[in-house]
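The primary structure of each chain is shown beneath.
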Amino acid sequence: MATIPGLVLAQKNEHPNAISLRYKHLGIWRAYSWTEYLDEISVLAGAYKSRSVGKGTVVAIYGNSIPKLIFTIAAVQSLGGIIVPIHPEATATELKKILNDSNAEILVAEDQQQVDTFHVAEADCKIKDVIYLNGRGLKDYKNANLYSFDEITKKAKPINIELEVKKLKDNDLAFYMYDEFEDAMYSISHEAITNNSKKIIKLNSLTPKDSIVSYLSLSIPTNLLFTYVTSIVSGMSLNLPESNQTIEKDLQEIGPTILYAPSFVFKHIISSISYRIEAATQANYERYNSHYDSLMKIYEKEVQGKSSLFDKIYKAYIMLVTFAPAKNVFGLTKIKHAFVSDGVLSKVTFDFFHAIGVEIQHSFGQTSSCGCISVQPDHSVSAENVGRAMEGTEIKINDKSEVLFKTDCLATPLNGGSNADSGWINSGYVGKVKDSGNLMIRGRSEDLIRLKSGKEFSPESIENLISCSPFVRSSMIIGTNQDSVSVLVVVDPSATNSWADRKNLRYTGYTELTRKTEVRDLIKEHITCLNETLEDALKIKRFVVLHRTLIMAEGEVSKTMEVKRNTIIANLNDVIVAVESNKEKFTVNDIDSLTYELNVHKI
Amino acid sequence: MGFDWVYLIEVLLGGLMSGVMYSLVAIGFVLIYKSSGIFNFAQGTMLLFASLTFVKMTENGIDFWTALFIAAGVMVIFGVAIERYMMRPLANQDLLALFMATVGLATFQEGFSQFIWDSDIHGLQMNKFLDLQLLDSAPIFVVEHIPWLDILLPKFDIFASLVAGSLIVVLAFFFQKTKTGLSLRAVSDDHMAAMAVGIPLQTVWAIVWAVTGIIALVAGLLWAERVSVSFTLIEAVMKALPVILIGGLTSIPGAIIGGLVIGVGEKLGEIYLGDAMGGQGIELWFAYFMALMFLVFRPQGMFGEKFIERV
Amino acid sequence: MGDLLKVENVTLQFGGVKAITDISLNVKEGEVCAVIGPNGAGKSSMLNVINGVYVPQIGTVTYDGVTRKTISPREAAISGMARTFQNIALFQGMSVLENIMTGRNLFVKSNWMEQGLNIGRARTEERASRLAVEKIISFLQIESIRKTPVAKLPYGLQKRVELGRALVSEPKILLLDEPMSGMNLEEKADMSCFILEINKEQGLTTVMIEHDMGVVMDIADHVIVLDYGKKIGDGTPKEIMANQDVIDAYLGVSH
Amino acid sequence: MIYRETGNFVTDYMRDREIFPMKFDKIMVVLGLLFLYLYVPTTSEYMLSAHVIPILAVGLAVVGLNILTGITGQLSLGSAGFMCVGAFGTFNLMLRLPEWLMSLPVALMISGIFAGLVGVIFGLPAIRIKGFYLLVSTLAAQYFVWWFFNSFTYFINYEASGVVAVPPKMYDYWGIGNFLGIDMQGYSPRYILALTIVIGLTYFAKNLLRSTTGRNFMSVRDRDIAASVMGISVPKTKLLAFFISCFYCGVAGGMYSFLYIGNVDLMIYEVDRSFTILFMLIIGGLGSISGSWLGAIFVYEFPILFTWVGDVIFGGAFNTAVVENVSNMVYGVFIIALLIREPGGFAALWATTKQKLRMWPYPH
Amino acid sequence: MSKSLLKINNIEVVYNHVILALRGVTLDVEEGSIVSLLGANGSGKTTTLKACSNLVNAERGAVTKGSIEYDGKDIAKQDPFKLVKDGVVQVLEGRHCFTHLTVEENIMTGSFIREDPKQAKQDLERVYDHFERIRIRKKSLAGFISGGEQQMVAMGRALMSRPKLILLDEPSMGLAPQLVEEIFAIVKNLNKEGVSFLVAEQNAMVALKYADEGYLIENGRVILKGKAKDLLERPDVKEMYLGVGEEGQTSFRDIKYYHRRKPAFT
């Protein structure tokens with residue numbers, strides 16, 4: 001059996017008392033064993049059946065990762081239903097699109113925020129019932145199709161999951177997933193996603209003793225795969241934080257052994273380290289930096305296998321006084337495997353985490369491949385690749401250097417999206433396969449930039465390099481049909497503030513900070529340094545420090561903080577035009593209907 | 001045997017006289033409490049230090065006035081030093097911490113004064129220095145002209161009350177009528193505001209500590225005449241505690257009246273209740289009991305400011 | 001719904017200074033009643049009379065059907081009154097959690113011996129109190145600061161914690177003394193939201209002193225205007241806005 | 001730096017308020033207990049009699065005072081008086097009640113209750129009086145108690161010298177000594193008894209502080225009006241604090257006389273001792289039980305150490321008076337310096353250090 | 001552009017060695033202008049003012065980074081009373097009148113730094129001219145007058161030192177709207193006489209109405225500055241500080257409890 005409810009049942013039979021799910025609620029961690037997990041599912045399945053969920057019914061789960069929503073997945077699937085997860089911060093437009101594309105009939109919303117968004121988006125979709133989990137603030141809502149989750153479960157009779165599971169087939173559809181970048185909906189079968197998960201588990205020998213924290217929405221395909229599905233397939237415990245504000249503390253409390261994170265989380269950690277250390281006393285600051293330098297030197301030697309006994313002792317010392325406590329602060333002490341889901345981290349970041357013993361493993365995959373087609377093996381030391389194709393997966397590069405793959409865990413597009421073509425799927429990314437068989441990803445093929453000279457390159461690889469600085473939050477390369485490459489830089493507010501305070505800069509607010517010559521020099525130095533590693537044609541010639549950060553609600557960054565070029569081009573058109581017309585100073589009318597003055601800096 | 005009215009009046013007057021002495025010590029407390037909210041526990045050791053300084057100098061042949069002058073100077077320097085090295089760094093601290101700091105100061109001063117001088121008991125005979133008839137020969141003063149009222153009073157007590165009384169008058173004038181007095185009252189009301197309007201808090205504090213030092217010197221000498229210059233002077237301060245608590249920590253008139261009440265009450269209690277209580281030395285605690293009884297009915301003391309708690 | 005609270009002809013003086021002169025007011029069960037007026041108008045004194053911190057010279061307070069002249073603050077708490085203070089009166093030496101826990105003290109039946117030995121009832125009650133407190137923490141969305149000493153919190157959050165401490169005692173009437181003073185707009189919005197929600201969901205009667213006319217007009221069902229110890233207006237927000245006496249004495253130009 | 005909080009999560013509210021939440025702490029506590037019970041009794045008689053037992057006794061009084069002053073905010077200078085009640089109470093209970101009825105541990109506890117009741121009587125004014133004004137009440141207690149035992153020689157069995165030695169048989173409670181064949185008057189058995197009482201009562205105090213009673217105490221200290229508005233009975237809370245605090249002082253007094261000195265002597269319970277105890281409290285840090293112990297150890301050992309160091313360096317060139325005076329000076333300066341640097345005492349220093357170590361290498 | 005009277009350069013203030021109250025405040029007060037500093041309680045307004053008047057030291061605080069210049073001189077280490085002599089005086093939040101002194105005595109305390117008693121008399125008259133309301137109450141104890149009157153006493157007291165710059169902390173706190181206008185009108189009058197003001201206020205509407213320049217402070221950091229007029233027009237300021245959204249005033253009734261929720265790791 002490879003269905004999700006089936007696997008839950010299997011886990012229950014194998015180790016009924018092991019912890020399946022742990023969540024922090026009202027101040028303490030509460031846990032469900034696999035037996036209780038199954039009980040919950042059977043109750044919920046009864047409830048959903050009473051709302052006429054059956055074979056093929058699409059149920060949207062709309063909210064943060066909270067137990068009731070997590071149980072809903074298996075409960076609905078045990079009835080043959082299909083789950084479409086939606087990001088809790090999804091805007092009304094996105095919500096409408098997803099609900100329409102998936103033909104969802106039932107919406108399970110976390111609380112008032114989601115219900116309200118739904119009411120904005122409601123027009124012409126097929127939702128029959130809206131079930132809310134948290135009734136806070138909803139008392140006066142008179143909408144006829146609005147139901148309280150608790151009331152439905154109270155009335156319903158539990159269902160025997162064992163019987164239901166037998167009716168399911170492995171290739172039944174389990175999920176509809178929305179791909180934010182492709183703007184397409186995929187359907188994923190039980191078999192596809194659980195197989196994919198099994199491969200990851202086998203490759204890294206994950207056991208039921210492991211634990212993982214799920215702090216992002218399950219609407220992110222890789223998160224669904226790495227946390228939810230993997231916990232069910234392997235039997236390890238899935239931990240849910242108390243609230244968005246307490247994630248870091250909760251992560252520390254749980255001390256997971258497995259970490260899954262999109263690259264922005266690692267970036268956040270790096271910036272956060274920098275922010276904190278910049279605010280430290282001079283002595284601590286200097287010691288930290290010198291330890292950091294020594295650590296990286298020793299790590300380099302280690303990689304080359306040249307570290308001496310002294311190095312080992314010295315590293316142990318550095319770890320003891322600086323980095324082991326630092327890991328503790330971020331809750332990384334017990335991490336055995338850390339999976340990065342989207343592309344690669346910059347070498348500096350990658351090496352740093354490896355040096356302190358958080359062995360990051362890049363992985364690659366997108367919605368069309370259920371989240372993962374390749375994972376770096378454990379103890380991998382190369383920051384540039386994303387590992388070899390997993391078992392049952394083949395990867396090749398076509399003449400346009402696009403990455404094509406074949407896999408036995410395939411998601412099929414519902415309408416639109418990339419098409420299966422003679423068995424090979426176009427991943428939508430460009431890259432190459434090295435002699436070692438490792439895949440290198442350069443970026444999305446649709447994002448490729450062609451300079452006037454005809455030179456074509458992927459902006460993401462350069463952006464990645466730029467954002468290795470803790471002072472850069474995000475960046476966007478521009479240069480289509482231009483003579484040279486330019487970049488828009490968003491500086492990280494907290495780390496840069498902290499840095500500016502140490503430097504005693506005089507400024508008022510973020511916008512003014514971005515206009516400081518010192519900040520410009522900081523970024524300039526970083527880019528100049530980075531230019532040395534780039535081929536001549538791709539060297540960055542101009543940059544602009546943006547006057548504000550990119551806004552998720554405006555769609556300028558994705559839910560995983562990746563820049564969304566089209567929206568930015570639309571929103572910040574003035575900037576791009578100015579940079580391309582080679583102005584030095586210009587003004588921008590921004591979306592907040594205010595005017596800002598910006599400078600283009602040359603390198 | 002009938003009731004001895006004359007004896008009673010003598011006791012009363014004796015009580016009043018010793019009460020004046022209490023008042024003097026109490027005023028030192030009140031000054032510091034008013035200006036900085038500190039319950040200065042080092043008052044006793046200041047007394048000891050001041051009188052010890054004086055006595056050691058006279059023992060070494062320095063004449064009375066010079067010794068008095070030098071001792072006063074030393075107390076002023078001491079006061080300024082306390083402001084600089086203790087008060088200033090501790091400004092705006094918790095009251096209890098400030099109180100404990102003065103206990104620390106007391107410990108220091110106790111060690112210091114006995115270290116640079118010595119721990120012996122010194123007698124102090126004022127009449128050795130002051131050529132006053134009053135103090136000279138007869139130890140008692142007799143009201144002779146009213147034959148039926150033969151009241152005996154120690155001359156020294158009368159002298160002491162006069163000294164104490166005039167000191168109090170001077171102080172009262174200083175605080176009510178001078179600019180420094182006004183600033184001191186402002187400081188005692190609200191430190192922060194006083195600083196904000198440009199009153200140099202530290203100068204005010206230094207003045208207060210210096211004045212307190214001088215009061216300690218005077219009080220120390222007057223007390224020492226009765227109980228000799230020694231460790232017992234510190235205990236004199238414990239006696240002053242009920243006085244200021246009855247009078248109210250923030251009131252100088254309170255300190256005076258409180259002193260008189262305690263002085264009289266204590267003597268009366270000792271003489272008329274002592275035996276009834278079946279033991280001697282009830283004056284050890286009787287003053288405290290009086291204060292306690294008093295406070296239960298008026299928690300802020302006789303003249304203490306009633307704090308209206310704003311909620 | 002009837003009157004939950006009725007203040008009749010109350011006069012309060014401090015050493016000759018009249019803080020309140022002959023004021024009467026009614027608070028209906030389940031309403032949000034706002035008391036407005038300039039500083040020194042006797043608003044806080046009114047609250048203090050209601051829950052027994054001050055004893056009025058003349059007048060009575062009828063609460064929950066019982067008329068009385070004096071009540072101790074403790075009796076008031078037992079009878080279901082909870083309040084917050086104008087100048088935050090949190091226990092500065094304790095954490096957020098401990099502060100809110102003090103609001104549960106009336107529910108604790110175990111004695112200090114049991115608590116010292118950490119046995120029996122003491123444990124179950126501690127657990128129960130904590131649960132009640134955690135529900136409030138979750139309601140006020142202050143999970144991330146539950147172990148922080150209150151002295152370290154920014155002002156707005158301290159006010160929120162104080163509201164929590166009042167709410168956790170499961171009161172019948174909530175007396176709020178300037179719950180939103182010193183807050184920025186966002187914090188005011190939070191606070192209004194909590195007050196309204198508690199009022200709507202649990203029907204908790206609320207008496208609130210507030211300066212911000214915007215807030216008062218938006219969230220109050222009933223407004224009482226005091227001016228230097230006297231009542232000059234009493235009615236719905238709309239009526240108050242139109243009341244000439246109120247405009248003259250308090251609002252100045254009409255908004 | 002040492003603490004690794006990663007992976008330390010609680011699943012129960014009771015675990016969230018544990019005294020030692022970390023595994024590391026728990027191990028240290030077990031090791032500490034083993035050390036105290038198994039190793040310390042085997043050290044020298046001198047060590048036990050001159051250092052360990054007196055610290056245990058005085059430290060307990062500091063914990064007691066802490067409950068009253070540090071936790072409930074009621075300033076007291078009567079601790080020595082309450083210790084005195086405990087000491088005389090224990091003596092008289094042992095003396096006047098038949099042997100089969102009374103034994104030392106029980107007598108200590110009962111006289112603790114006596115002291116507590118005396119404390120409640122002198123605490124009554126606290127219902128009305130606040131702050132420094134309360135000093136008068138506690139000082140009255142101090143002086144009254146002292147005077148009382150001084151005046152009524154019945155309580156020292158009419159001993160002319162004013163000091164009674166404790167009869168050896170009083171130590172052999174429940175005939176344990178006989179049974180085990182140990183001399184119960186020896187310092188090791190005395191130490192074990194003292195240690196057990198101290199650990200028990202410290203645990204009790206710690207529990208109290210993290211429960212409703214403790215929170216009520218603190219709320220009365222921090223804002224009494226708010227406390228009464230919360231429904232806390234302020235008078236009752238204050239009196240309870242007086243009772244518990246004085247109970248601790250009473251037990252400490254009994255221990256001091258019986259387990260440390262071995263005689264009952266009024267002179268050691270003068271007002272100076274009250275001050276010493278307050279010192280220990282302040283230096284250790286108000287409101288912290290572990291701070292109380294740190295303060296007790298420091299203040300007790302400081303003059304001993306100072307004298308010793310003076311001896312080593314100057315080889316007895318100075319007489320004891322000089323050493324004592326200098327010791328006082330250094331001590332006074334130290335207190336002021338500590339209050340300037342960290343008014344919270346050792347406990348606060350420790351707490352900041354711990355916080356820093358928790359966040360190490362980051363500042364926050 | 002006129003001369004800058006007070007220049008605060010990126011200061012950081014730490015209380016008790018631990019609590020970071022300001023993290024980087026930069027601010028200028030030009031001679032003869034009214035500058036208002038806006039923010040909620042606890043955002044750092046008061047600390048900024050106290051850093052200028054050097055009263056932070058008295059609360060166990062310290063300026064750990066940055067500098068403050070007044071009239072071209074660094075005043076970071078200056079004693080508060082010397083600053084008053086130089087012409088910088090602060091009116092504390094919550095007035096802080098000497099409650100046991102009479103109104104007149106209160107005002108006279110402000111003349112401590114002045115040598116000439118005659119001048120003090122003149123100044124006293126000037127104060128009463130500005131604050132007519134308190135003239136009639138000059139013999140009452142300051143503890144018994146109303147909040148508005150106390151505010152006037154506190155301001156009058158400050159005027160006695162003939163300051164060039166007044167640091168005014170929350171003058172509107174707890175006052176009726178009418179009285180707030182009155183106080184600010186007096187501020188404007190004094191300003192016309194040449195006194196510069198740095199006003200910390202929560203009441204953004206009134207503060208910006210009377211000010212020349214405005215600074216917004218949040219979490220110990222200045223986040224925005226500008227001409228008061230411009231700030232009043234800015235949509236984000238309108239929404240956050242004045243409560244006027246794009247669709248006009250948003251009612252507090254319509255606010256949802258989740259309105260401030262933020263996604264993880266941002």
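These numbers were taken from a predicted model, which means no experiment stands behind them. (Residues numbered from 1 in each chain as written. Chains lettered and ligands numbered in written order. Predicted model: local features only at pLDDT ≥ 70, side-chain atom pairs only at ≥ 80, totals over all residues. Heavy atoms only, no water.)

Scanning the model with the defined rule gives 69 aromatic pairs over all chains in all. Here the aromatic rings of Phe49 of chain B and Phe112 of chain B are separated by 5.7 Å at their centres, their planes lie at 40 degrees, and the arrangement is tilted. Of this pair, Phe49 of chain B sits in helix 2 (residues 43–59) while Phe112 of chain B sits in helix 4 (residues 95–116); the two residues are 63 residues apart in sequence, bridging distant segments of the chain. One residue, Arg96 of chain D, lies across the ring of Tyr154 of chain D, its end atom 4.0 Å from the ring centre. The side chain of Arg190 of chain D reaches across the aromatic face of Tyr187 of chain D, ending 4.6 Å from its centre. (Phe/Tyr/Trp six-rings, centres within 6.5 Å; stacked < 30°, edge-to-face > 60°. Helix = DSSP H or I, 4+ residues; strand = E, 2+ residues; numbered from the N terminus. Lys NZ or Arg CZ within 6 Å of the ring centre and 35° of its normal.)

In this model, the second largest pocket occupies a volume close to 1200 Å³. What lines the second largest pocket is a set of 37 residues, among which Glu110 of chain B together with Asp272, Thr276, Glu324 and Asn328 of chain D lie closest to the centre. Looking at the lining of the second largest pocket residue by residue, the class counts come to 22 nonpolar, nine polar and six charged. (1 Å grid on protein atoms, 1.4 Å probe; cavity = no way out; pocket = protein on both sides within 12 Å on 5 of 7 lines; lining within 4 Å. Points joined across faces, edges and corners; volume = space filled by probe spheres on them. Nonpolar A, V, L, I, M, F, W, Y, C, P; charged D, E, K, R; others polar.)

The next subject is the interface of chain B and chain D. Residue-level contacts link 52 residues of chain B with 41 residues of chain D. Counting the surface lost from both chain B and chain D, the interface buries some 4100 Å², and carbon and sulfur atoms represent 80% of this. For the interface between chain B and chain D, the tally reads two residue pairs in polar contact (both at pLDDT 80 or more). Elements that contribute at least two residues to the side of chain B that touches chain D include exactly helix 3 (64–90), helix 4, helix 11 (232–247) and helix 13 (283–297) of chain B. Broken down by element, the side of chain B that touches chain D gets its largest block of residues, 16 residues, from helix 4 of chain B. (Contact = heavy atoms within 4.5 Å. Buried area = accessible area lost by both parts, 1.4 Å probe. Polar contact = N/O pair within 3.5 Å; in protein donor to acceptor, adjacent residues only side chain to side chain.)

Core analysis: the biggest nonpolar cluster contains 231 residues, and Phe39 and Phe99 of chain B together with Tyr248 and Met255 of chain D have the highest contact counts within it. Take this core: its biggest share by element is 16 residues, from helix 11 (residues 234–261) of chain D. The contacts of Met255 of chain D, once residues within four sequence positions are left out, are Leu56, Ala57, Leu60, Leu108, Ala194, Ile197, Val198 and Tyr260 of chain D. With 164 residues, the next largest nonpolar core counts Leu9, Leu38, Ile462 and Val491 of chain A among its residues. (Core = buried A, V, L, I, M, F, W, Y, C linked by side-chain atoms within 4.5 Å. Buried < 20%, exposed > 50% of the residue type's maximum accessible area, 1.4 Å probe, protein only.)

Quick look at the environment of Glu59 of chain B now. Residue and element names in this part refer to chain B. Here Glu59 is to be found in helix 2. Here Glu59 falls in the partly exposed class, since its relative accessible area comes to 44%. Taking the C-alpha atoms as reference points, Glu59 and Gln114, separated by 55 residues in sequence, lie 16 Å from one another.

Turning our eyes to something else, we now look at the pairing of strand 1 (residues 19–25) of chain A. Successive residues of a regular strand alternate their side chains across the two faces of the sheet. Residues and elements named next belong to chain A. Across the seven residues of strand 1, five count as buried, placing the element largely inside the fold. Looking at chain direction, strand 1 and strand 11 (residues 237–240) are connected through three bridges and run parallel. Within the sheet, the bridge partner assigned to Tyr23 lies in strand 11 and is Leu240. (Pairing = 2+ DSSP bridges.)

Residue placement: Arg17 of chain D occurs in the loop between helix 1 (13–16) and helix 2 (23–39). Overall, the relative accessible area of 14% leaves Arg17 of chain D in the buried class. Apart from residues lying up to four places away in sequence, Arg17 of chain D is in contact with Asn118 and Glu126 of chain C together with Asn207, Arg210 and Ser211 of chain D.

Where interface size is given, it is often the accessible area lost as the parts come together that is meant. At the interface, 19 residues of chain D touch 32 residues of chain A. Summed over both sides, the interface between chain D and chain A buries roughly 2200 Å², with carbon and sulfur atoms accounting for 59% of that surface. Contact with chain A buries area across many residues of chain D, yet Thr6, Phe9 and Tyr362 of chain D alone supply 31% of it, more than any other trio. Taken together, the connections running from chain D to chain A amount to zero salt bridges. Our count for the chain D to chain A interface comes out at ten residue pairs in polar contact (both at pLDDT 80 or more). Its residues placed into classes, the side of chain D that touches chain A shows ten nonpolar, five polar and four charged. (Salt bridge = Lys/Arg side-chain N within 4 Å of Asp/Glu carboxyl O.)

So, about the pattern of salt bridges. In the structure shown here, the tally under the stated rule is 77 salt bridges over all chains. The shortest N-O distance in the salt bridge between Glu162 of chain C and Arg165 of chain C comes to 3.8 Å. Taken as a pair, Glu162 of chain C and Arg165 of chain C lie in helix 6 (residues 155–167) at a separation of three residues, close to a single helical turn. The two residues Glu162 of chain C and Arg165 of chain C agree in class, both being buried. Put simply, Glu193 of chain E and Arg126 of chain E hold a salt bridge, and the shortest N to O gap is 3.3 Å. Of this pair, Glu193 of chain E sits in the loop between helix 7 (177–192) and strand 8 (196–201) while Arg126 of chain E is found in helix 4 (residues 117–130), placing the two residues 67 residues apart along the sequence. In this structure Glu193 of chain E comes out as partly exposed when scored by relative accessible area, which is 47%. On the basis of relative accessible area, Arg126 of chain E is assigned to the partly exposed category, the value being 26%. Overlapping salt bridges, with partners in common, bring together Glu242 of chain A, Arg130, Glu134, Arg146 and Lys147 of chain C together with Asp16 of chain D in one network.

Right, let's get into the confidence of the model for chain E. Mean pLDDT over chain E stands at 87; residues scoring 70 or higher make up 96%. The complex prediction reports pTM at 0.91, with the ipTM value standing at 0.90. (pLDDT = per-residue confidence, 0-100.)

Attention shifts here to the packing of helix 3 (residues 45–71) of chain D against helix 12 (residues 271–284) of chain D. Residue and element names in this part refer to chain D. Contact geometry of helix 3 with helix 12 gives a least axis separation of 9 Å together with a crossing angle of 75 degrees. The angle between helix 3 and helix 12 places the two elements in the roughly perpendicular class. Contact with helix 3, carried on its side by Val58, Ala61, Val62, Leu65, Asn66, Thr69 and Gly70, involves Arg273, Ile277, Leu278, Met280 and Leu281 of helix 12 and no other residues of that element. (Axes fitted to C-alpha atoms, helices over the stretch in contact; angles between N-to-C directions. Parallel < 35°, antiparallel > 145°, perpendicular 65-115°, else oblique.)

The subject of this paragraph is helix 18 (residues 517–531) of chain A. All names here are of chain A. A rise of 1.5 Å per residue sets the reference length of helix 18, with its 15 residues, at 21 Å; its end C-alpha atoms lie 20 Å apart and thus fit the reference within 8%. When we look at burial in helix 18, the residues that qualify are Val519, Leu522, Ile523, His526, Ile527, Leu530 and Asn531. Residues of helix 18 that are buried make contact with helix 15 (459–466), strand 25 (472–478), strand 26 (485–491), helix 16 (493–502), helix 17 (509–515) and strand 27 (540–545). (Expected span 1.5 Å × (residues − 1).)

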